[in-house]
Amino acid sequence: QVQLVESGGGLAQAGGSLRLSCVVSGSIFSLTAMAWYRQAPGKQRELVARISSGGTTTIYADSVKGRFTISRDNAKNTVYLQVNSLKPEDTATYYCNRALYSSGRWSPSDYWGQGTQVTVSS
């Protein structure tokens, strides 16, 4: 069974930075695209960033472009999200997940971790 353990969240001031980490087990990590999602209270979960299995291709939501950076270390089965220039609207629980491609679309797997809370004060 796949396990995902996120960490690195916390309380930050607007303009601050955090580095989120996600350790994955139970999967062939180096062969799997990975993604970060976030969910704010009362809102739907949204894709923040995605990275290819080899780390060469990344995509970002328009709202985080230029501020967030996704990366991975396949030797450590870990995916990272560097979040800079934080804004209050970035406040959410952040989750990582495998990114699965089927029938022309990307979607997360059914296995989710507990997430890590990011709270940004103005």
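Here's what I pulled together on the structure shown here.

Rules and cut-offs
Residues numbered from 1 in each chain as written. Predicted model: local features only at pLDDT ≥ 70, side-chain atom pairs only at ≥ 80, totals over all residues. Heavy atoms only, no water. Phe/Tyr/Trp six-rings, centres within 6.5 Å; stacked < 30°, edge-to-face > 60°. Helix = DSSP H or I, 4+ residues; strand = E, 2+ residues; numbered from the N terminus. Buried < 20%, exposed > 50% of the residue type's maximum accessible area, 1.4 Å probe, protein only. Pairing = 2+ DSSP bridges. Axes fitted to C-alpha atoms, helices over the stretch in contact; angles between N-to-C directions. Disulfide = S-S within 2.5 Å. Lys, Arg positive; Asp, Glu negative; His and termini not counted. Salt bridge = Lys/Arg side-chain N within 4 Å of Asp/Glu carboxyl O. Contact = heavy atoms within 4.5 Å. Polar contact = N/O pair within 3.5 Å; in protein donor to acceptor, adjacent residues only side chain to side chain.

1. Brief notes about the packing of aromatic side chains
Centre-to-centre distance and the angle between the planes together describe a pair of aromatic rings.
Piece 1. Scanning all chains against the criterion turns up three aromatic pairs.
Piece 2. Measuring from centroid to centroid gives 5.3 Å for Y37 and W112, while their planes differ by 75°, and the two rings are edge-to-face. A residue pair is termed long-range when its members are at least 10 positions apart, and Y37 in strand β4 (residues 33–39) and W112 in the loop between β10 (105–108) and β11 (116–121) qualify at 75 residues.
Piece 3. Of the residues examined, W112 reaches a relative accessible area of 29% and is grouped as partly exposed.
Piece 4. Ring centres of Y95 and W112 lie 5.8 Å apart, and the angle between their planes is 85°; this geometry places the pair in the edge-to-face category. Remark: W112 occurs in the loop between β10 and β11 and Y95 occurs in strand β9 (residues 92–102); sequence separation between them is 17 residues.
Piece 5. Given the relative accessible area of 12%, Y95 is considered buried.
Piece 6. Through successive ring pairs, a cluster of aromatic residues spans Y37, Y95 and W112.

2. What about the sheet that holds strand β1 (residues 3–7)?
Hydrogen bonding along the main chain pairs the strands of a sheet, whether they run parallel or antiparallel.
Piece 1. Pairing in this open sheet of four strands is antiparallel, and the strands run β1-β3-β8-β7 from one edge to the other. Looking along the sheet, the strands with just one partner apiece sit at the ends: β1 and β7 (68–73). On average, adjacent strands in this sheet sit at an angle of 15° to one another, irrespective of strand direction.

3. Brief notes about the state of the cysteines
Piece 1. Tallied over the entire structure, the rule returns one disulfide.
Piece 2. Two residues share a disulfide in this structure: C22 and C96, whose sulfurs sit 1.7 Å from each other. Taken together, the positions of C22 in strand β3 (residues 18–25) and C96 in strand β9 put the pair 74 residues apart, joining distant regions of the chain. Summarising the burial analysis for this pair, C22 and C96 share the class buried.

4. Examining the side chain of R98
Piece 1. Considering the arrangement of structural elements, one finds R98 in strand β9.
Piece 2. For the buried R98, which has no salt bridge, the nearest side chain bearing the opposite charge is D110, at an N-O separation of 7.7 Å.
Piece 3. With near-sequence residues (within four places) excluded, R98 lies in contact with V2, L4, S27, T32, A33, M34, S107, P108, S109 and Y111.

5. Considerations on the side chain of R38
Piece 1. Counting through the fold element by element, R38 comes out in strand β4.
Piece 2. Separated by 3.4 Å, the side chains of R38 and S63 make a polar contact.

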